[in-house]
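# Inside the fold
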Amino acid sequence: MLCERCKQHPASVHYTEVINNQKRQMNLCEACAREAQKAFGLGPALNLQNFLAGLMGPVIAAETPGGKQRLKCESCGLTEEMFGEQGLLGCADCYRYFGDRLQPLFRRIHGSVRHTGKVPQRSRKNYLLVQEVDRLRAELHDAVEKEEFERAAELRDEIRKLEERLGRRGGMGT
Amino acid sequence: MSLKEAVHNPYSPWMDHAAPETDVVISSRARLARNLANFSFPHQMSPEAAEQVVHAVALALRDPEFSARFGEVELVRLAELAPVERWMLVEKHLISPGFVTAERTGHQHKGLVLSADERLSIMVNEEDHLRIQSLYPGLQLAAAARLADEADGLLEKTLDFAFSDRIGYLTACPTNVGTGLRASVMLHLPALVLLGRVKDILTAVTRLGLTVRGLFGEGTESAGHLFQLSNQVTLGHSEADIVNNLESITRQVIDQERTAREQLQKQMPVVIRDRVSRAFGILRHAYVLSSEEAMRLLSDVRLGVGMGLLKGLTPRLLSELMVKTRSTYLVKTSGRQLSPPERGELRATLVRQALQGVKNNS
């Protein structure tokens, strides 16, 4: 199918507009679509980068004192705006600084927030400890819900011990 | 073959047709995204840091176990290759177009590693510090994944990869986080396209967590009827699950394509024989060929070979011609820039030469 406008290039953008139940369809090539977009004032085309930033969770007021301050990675200096433009994080620490706000994005893209695949040899011990802590935390949550306070206290102590070991091993990771 | 030779030869071992399911599956690929802990990701790093990453990888390649497994491989900087040589590697699907075009990191700080059999390649400072890729002919996803995993395992002995205990390997783009694994197959689906069924099938496939792309260009009418299927999700599934899922869906698509071919043969034997023989005739005798026409005709001929309608031709030869008919190769062989008419003429000449002596004795 050729572009309706220039009748030269193959149409690759299929634009459908529905206004008051009146459907109008246009088949345009990429170049004409870009121009049409400007003419219609549709704003910039959505691309993967914009989508990613749009999938991030809302800013929680308490997290950012003053309300207006945007998130920024202290390690590499990447700001939320930069992430919005490029769809790329700047360094491993960004995953910590943007932490909670990336969770909805992971859920949308991957349907999961938890890695279950390969673990590098040197991270293996730490990884297992973190798994154990998370498992105990879930159990603790359960115990509190069921008002099993004795069990909850035990679990809390166990978690504390493991976390101390993790602290010595160099942090919890993200 | 060393990297410097690989840029001259249009053939790459993934084109070998002595592999499973090559009537439909052209190649299988596994790619692992990895980053070094304590360095910003490539787009956010200084040239000095980029250089340190290149050094670290070069060092890791010298690990005796790595070289025992993959041979003495050298790291070549992109700056050491001529532009046309870089594009040759793109056309051979050994590196990504983005690796050549992205300018944020200078070509002197981008490294490339290629094993002698061209099965393993590593891009250094692409979107991530390392992109470990393995490429096999036909449907061999498990083998491809195993090779990439092995290379990763040997490299991590020297390199400290950025890894989170909860979300796995950390990558520049959050769409790759977790396993960092992108497994993909390149499929030739001409019969499904001809019967108008490809769109439905590929739409169904995207609901199963896979992504479909036309090989060249984004249009629904993929040039050469080539489609790439890959996993969308990298987090929350194990590497084995990702590979198995893609493989089982691929097998179903293969069955669909084969059924469609049988149907073509049964319902319109003359039409289909005419189409593939005509394509062969034009390729064999034309004096001018556009790139698009060549792609289309090569696809028809490949279909004819797959259906047993054309004899004396191999899928390997056709894959090689797919590279040879690209403008990059034409410029490479002639050693200078060519005008479009010159390209059309040289393209036809190369195809005629390659098909000389091939008799369609069907």
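Here the residue index of a chain counts from 1 through its sequence in written order. Labels are handed out in written order, letters beginning with A for the chains and numbers beginning with 1 for the ligands. Owing to the predicted nature of the model, reporting of local features is limited to residues with pLDDT of at least 70; listing and counting of side-chain atom pairs is limited to 80 or more, with chain, interface and lining totals taken over all residues. With hydrogens and water excluded, all non-hydrogen atoms of the structure serve as input to the side-chain values.

### Structural notes on the pattern of salt bridges
- Criterion for a salt bridge: a side-chain nitrogen of Lys or Arg within 4 Å of a carboxyl oxygen of Asp or Glu. Throughout the structure, instances matching the rule amount to 33 salt bridges over all chains.
- With its nearest N and O atoms 2.6 Å apart, the salt bridge here joins B:D152 to A:K118. Pair noted here: B:D152 is in helix α6 (residues 141-155) and A:K118 is in the loop between α5 (99-110) and α6 (124-145), and the two residues belong to different chains. The same class applies to B:D152 as to A:K118, namely buried.
- Residue A:R151 pairs with A:E139 through a salt bridge whose shortest N-O separation is 2.4 Å. Within this pair, whereas A:R151 is found in helix α7 (residues 149-168), its partner A:E139 is found in helix α6, the two being separated by 12 residues in sequence.
- Owing to a relative accessible area of 26%, A:E139 belongs among the partly exposed residues under this scheme.
- Each of A:R114, A:D134, A:R137, A:E163 and B:R166 takes part in one network of salt bridges that share partners. Secondary structure elements are defined from DSSP: runs of H or I of at least 4 residues count as helices, runs of E of at least 2 residues count as strands, and each element is numbered from the N terminus. Burial classification: accessible surface area is computed with a 1.4 Å probe over protein chains only, and a residue below 20% of its type maximum counts as buried, one above 50% as exposed, and the rest as partly exposed.

### With respect to the domain arrangement of chain B
All names here are of chain B.
- Assigned domains of chain B: these are domain 1 (3-185) and domain 2 (269-355).
- Just so you know, the domain bounds were taken from an automatic or database domain assignment. Placing the centre of domain 1 and that of domain 2 at their C-alpha centroids yields a distance of 30 Å.
- Note on contacts: a residue pair qualifies if any of its non-hydrogen atoms lie within 4.5 Å across the two residues. At the junction of the two partners, domain 1 supplies 13 residues and domain 2 supplies 13 residues.
- Note: buried area is the sum, over both parts, of the accessible area (probe 1.4 Å) each one loses when the two are combined. Carbon and sulfur atoms supply 73% of the area that domain 1 and domain 2 bury against each other, a total of about 1,400 Å² over both sides.
- Counting the surface domain 1 buries against domain 2, the share from its top three residues, P10, H17 and E91, is 36%.
- Our enumeration of links across domain 1 and domain 2 arrives at one salt bridge.
- Between E91 and R326 there is a salt bridge, with its nearest N and O atoms 3.0 Å apart.
- A 3.5 Å cut-off defines polar contacts: any pair of N or O atoms within that distance qualifies, except that in protein one atom must be a possible hydrogen donor and the other a possible acceptor, and neighbouring residues in sequence count only when both atoms are side-chain atoms. Summed over the shared surface of domain 1 and domain 2, the result is five residue pairs in polar contact (both at pLDDT 80 or more).
- Considering every element that reaches the side of domain 1 that touches domain 2, the biggest residue donor is helix α4 (residues 83-91), with five residues.

### A word on the nonpolar core
- Residue types Ala, Val, Leu, Ile, Met, Phe, Trp, Tyr and Cys, when buried and joined through side-chain atoms within 4.5 Å, form a set referred to as a nonpolar core. By size, the foremost hydrophobic cluster in this structure holds 116 residues, and its most contacted members are B:F66, B:I122 and B:L155.
- Of all the elements, α6(B) adds the most residues to this core, at nine residues.
- Each of domain 1 (3-185) and domain 2 (269-355) of chain B gives at least three residues to this core.
- In this structure, B:F66 is in contact with B:A60, B:L61, B:G71, B:V73, B:L120, B:I122, B:A151, B:L154 and B:L155, ignoring residues within four places of it in sequence.
- Core analysis: the next-biggest nonpolar cluster, separate from the first, contains 27 residues, A:L52, A:C73, A:C76 and A:L89 among them.

### A word on α4(B)
- Inspection of α4(B) places B:E85, B:R86, B:M88, B:L89, B:V90 and B:E91 among the buried residues, and these make up the whole buried set.
- Taken from the residues just after α4(B), B:H93 is the one with a positive phi, measuring 65 degrees.

### Section: the sheet that holds strand β5 (residues 130-137) of chain B
Residues and elements named next belong to chain B.
- Judged by pairing direction, the sheet is antiparallel, and its eight strands sit side by side in the order β2-β3-β4-β5-β1-β8-β10-β9 without closing on themselves. The open sheet is flanked by β2 (75-77) and β9 (210-214), the only strands paired with a single partner. Taken pair by pair, the neighbouring strands of this sheet meet at an average axis angle of 20 degrees, ignoring direction.
- Pairs of strands are assigned from DSSP output, requiring at least two bridges between the strands. Pairing of strand β1 (residues 25-34) with β5 involves eight bridges; the strand directions are antiparallel. Residue pairing across strands places A33 opposite R131, the latter belonging to β5. Here an angle of 0 to 180 degrees is reported between the N-to-C directions of two axes, which are lines fitted to C-alpha atoms, with helices fitted over the stretch in contact.

### Structural notes on the packing of helix α10 (residues 269-285) of chain B against helix α11 (residues 291-306) of chain B
Residue and element names in this part refer to chain B.
- At a closest axis distance of 8 Å, the pairing of α10 and α11 adopts a crossing angle of 130 degrees. By the angle class used here, α10 and α11 are oblique. The two elements α10 and α11 meet at a crossing, and its hand is left-handed. On α11, the residues that touch I272, R275, V276, A279, F280, I282 and L283 of α10 are E293, L297, L298, D300, V301, L303 and G304. For classification purposes, angles smaller than 35 degrees are called roughly parallel, those larger than 145 roughly antiparallel, those between 65 and 115 roughly perpendicular, and all remaining angles oblique. For a crossing to be left-handed, the near helix must be turned anticlockwise from the far one by less than a right angle; the clockwise case is right-handed.

### Quick notes on the interface of chain B and chain A
- The interface is formed by 40 residues belonging to chain B together with 39 residues belonging to chain A.
- Regarding the contact of chain B and chain A, the summed buried area is about 3,300 Å², with carbon and sulfur atoms giving 55% of it.
- Among the residues of chain B in contact with chain A, B:D165, B:R166 and B:P174 are the three that bury the most area, contributing 25% of the side total.
- The salt bridge involving A:D134 is made with B:R166; its shortest N-O contact spans 2.6 Å.
- Our count for the contact surface shared by chain B and chain A stands at 24 residue pairs in polar contact (both at pLDDT 80 or more).

### Remarks on the packing of aromatic side chains
- In this analysis, rings of Phe, Tyr and Trp, with Trp reduced to its six-membered ring, are considered paired at centre separations within 6.5 Å, and the interplanar angle assigns stacked below 30 degrees, edge-to-face beyond 60, and tilted for intermediate values. Scanning the model with the defined rule gives four aromatic pairs over all chains in all.
- Look at B:F66 and B:F70: their rings are 5.0 Å apart centre to centre, the planes differ by 35 degrees, and that puts the pair in the tilted class. Of the two residues, B:F66 and B:F70 are both situated in helix α3 (residues 64-70); the distance of four residues between them amounts to about one turn of the helix. A single burial state applies to B:F66 and to B:F70, both of which are buried.
- Aromatic pair B:F163 and B:Y169: ring centres 5.1 Å apart, planes at 70 degrees, arrangement edge-to-face. With respect to burial, B:F163 and B:Y169 carry one shared label: buried.
- Three or more aromatic residues joined by ring pairs form one cluster here, namely A:Y127, B:F163 and B:Y169.
- The residue whose ring lies beneath B:R119 is B:Y136, and the NZ or CZ to ring-centre distance is 4.1 Å. Lysine NZ or arginine CZ positioned within 6 Å of the ring centre and within 35 degrees of the ring normal marks a charge as sitting over the ring.

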